Amino acid sequence: VDLMKKRYWALLVPALLAGWVLLVYTPNAVQSVSALPLTSTPADVGLEYESFFLQPADRELALQAWWMPAENAQAKLVFIHGAGSHRNSSFFGSLDFYQALVTRRVSVAALDLRNHGDSDRDGDGLRFGLSEKWDAAALLDWTRSRSPHLPLYVMGISMGGATAIHAVADGAEVDGLVLLDPLLDTRSAIANGAWVQTGLPRWLFHLSAWAAVALHGMPGGDNGALALASELTEPILLLQDPKDPVTEAVYARSLVENNPSVRYRELPAPDNEHLSALAWRGRWGSHVAGFMLFPETVMSEISTFMNLEN
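Residues numbered from 1 in each chain as written. Predicted model: local features only at pLDDT ≥ 70, side-chain atom pairs only at ≥ 80, totals over all residues. Heavy atoms only, no water.

Draft legend 1. Spotlight on the environment of G84. Checked against the element boundaries, G84 lands in the loop between strand 3 (75-80) and helix 2 (94-103). Spatially, the C-alpha atoms of G84 and L139 are 19 Å apart, while their sequence positions differ by 55 residues. (Helix = DSSP H or I, 4+ residues; strand = E, 2+ residues; numbered from the N terminus.)

Laid out in structure tokens, this is it:
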């Protein structure tokens, strides 16, 4: 009997520890984010800009932002960065992107989401659009007040795409959404992100990804970005890397099948030369690298979608 008890505890303790790691520790760790400081500004690419801060409706937080006005502007765009980044996303090439937009007479507003960059932290960490949507909505309200007669678009990359979708689904008014490699499926993105960070097989994190949605309140199912975006009636431009290792193309294709308002452009698959140039990113690979790899294609699609004049 004593031997059986010892064997029981020898099996139970590791099982409980593994369960805690997979169901509690890892889902909580996924929400943590280190705020990266900004080391450059739009002035570094020759843009005039205004720094300002705003407060979201749900919390007393100071969110830091930039306004980059275009001369004789014909539209405005609010840019929402991805998880772990800020308004100058080096993984995306944000400053060059802002310059390309301003050159096309599009005024741009960009902010650091809560828990990112120079903005305040709320103690809750990443919520994959559930809380960040308030930040996007606040910036959209602010930007709408500038030249209110101009059309207003919102663009999100990766988690910023989910944030933009949640904001519009919650009532934020826009003339259209631009999504690049958007985070449409939380569980998949969590498992893929964990693989990126650790190098461990994705399947090890499937249970943790399930727990993040089912037990820790992350968006999924009816309140996931894919389901919400499928019901939007606003025009959507969806730009997707077919080989994205984090936000997989299968979910972008699913959105296209479910929502006739989506204009879909699958970008060219990165070749070996492209991937070699992106080696500094490690396992993140070509995630949100569409503008860096194919700037003319991306800008042409955006210009057509927004009806920009040459």
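Draft legend 2. Layout of the packing of aromatic side chains. Evaluated as defined, the whole model comprises twelve aromatic pairs. Between Y49 and W66 the ring centres are 6.0 Å apart and the planes differ by 70 degrees, which places this aromatic pair in the edge-to-face class. One end of the pair, Y49, is in the loop between helix 1 (2-31) and strand 1 (50-54); the other, W66, is in strand 2 (residues 63-68), with 17 residues separating them in the sequence. Accessibility expressed as a relative area gives 2% for W66, which makes it buried. Taken together, the aromatic side chains of F79, F92, F97, Y98 and F291 make up a single cluster linked through ring pairs. Its end group placed over the ring of W66, R87 keeps NZ or CZ at 4.6 Å from the ring centre. (Phe/Tyr/Trp six-rings, centres within 6.5 Å; stacked < 30°, edge-to-face > 60°. Buried < 20%, exposed > 50% of the residue type's maximum accessible area, 1.4 Å probe, protein only. Lys NZ or Arg CZ within 6 Å of the ring centre and 35° of its normal.)

Draft legend 3. Seen up close, unusual backbone geometry. For R105, which is not glycine, the phi torsion reads 65 degrees and is therefore positive. Relative to the helices and strands, R105 is located in the loop between helix 2 and strand 4 (106-111). For V288, which is not a glycine, the phi torsion comes out positive at approximately 50 degrees. Mapped onto the secondary structure, V288 falls in the loop between helix 9 (272-277) and helix 10 (290-293).

Draft legend 4. Molecular detail of the packing of helix 3 (residues 132-144) against helix 4 (residues 159-169). Relative orientation of the contacting elements helix 3 and helix 4 amounts to 70 degrees, with a least axis distance of 8 Å. Taken together, the axes of helix 3 and helix 4 lie roughly perpendicular to each other. Residues E132, K133, A136 and A137 of helix 3 form the contact with helix 4, whose own contacting residues are M159, T163, H166 and A167. Each residue belonging to the contact of helix 3 with helix 4 can be placed in one class, and the counts come to four nonpolar, two polar and two charged. (Axes fitted to C-alpha atoms, helices over the stretch in contact; angles between N-to-C directions. Parallel < 35°, antiparallel > 145°, perpendicular 65-115°, else oblique. Contact = heavy atoms within 4.5 Å. Nonpolar A, V, L, I, M, F, W, Y, C, P; charged D, E, K, R; others polar.)

Draft legend 5. Up close: the side chain of D241. Summarising the element assignment, D241 is placed in the loop between strand 7 (236-240) and helix 8 (249-258). Contacts of D241, omitting those with residues within four sequence positions, involve D181, A249, P270, S286 and H287.

Draft legend 6. A look at a nonpolar patch on the surface. Taken together, L200, W203 and L204 make up a surface patch of nonpolar side chains, about 320 Å² in accessible area. Secondary-structure assignment places W203 in the loop between helix 5 (186-198) and helix 6 (206-214). (Patch = residues over 30% accessible without salt bridge, like charges linked within 9 Å, V, L, I, M, F, W, Y side chains within 5 Å. Areas by Shrake-Rupley, 256 points an atom, 1.4 Å probe, with all protein chains shown as cover. Salt bridge = Lys/Arg side-chain N within 4 Å of Asp/Glu carboxyl O.)

Draft legend 7. Structural view of the pattern of salt bridges. With the rule as written, the count across this model stands at 13 salt bridges. Put simply, R87 and D112 hold a salt bridge, and the shortest N to O gap is 3.0 Å. On the criterion of sequence distance, the pair formed by R87 in the loop between strand 3 and helix 2 and D112 in the loop between strand 4 and helix 3 is long-range, its members being 25 residues apart. Pair check on accessibility: R87 and D112 agree, each one buried. Sharing partners across several salt bridges, the network here consists of D58, R114, D122 and D135.

Draft legend 8. Expanded view of the environment of S276. Position of S276 among the secondary structure elements: in helix 9. Expressed as a C-alpha distance, the spacing of S276 and F53, which sit 223 residues apart in the sequence, is 39 Å.

Draft legend 9. Representation of helix 11 (residues 295-305). Regarding helix 11, the residues found buried are V298, M299, E301, I302, S303 and F305. The inward-facing, buried residues of helix 11 contact helix 2, strand 5 (152-157), strand 6 (176-180), strand 7, strand 8 (262-266) and helix 10. One or two residues past the end of helix 11 sits N307, with phi positive at roughly 55 degrees.

Draft legend 10. Fine view of the nonpolar core. Core analysis: the largest hydrophobic core is formed by 47 residues, its most contacted members being L54, V78, L111, L139, V154, I165 and L177. In terms of residue count, helix 4 provides more of this core than any other element does, six residues in total. Excluding its chain neighbours within four sequence positions, the residues that come into contact with V154 are V78, I80, L140, A164, V168, V174, G176, L177 and V178. Counting 39 residues, the second largest nonpolar core, distinct from the first, contains V45, M155, I157 and A289. (Core = buried A, V, L, I, M, F, W, Y, C linked by side-chain atoms within 4.5 Å.)

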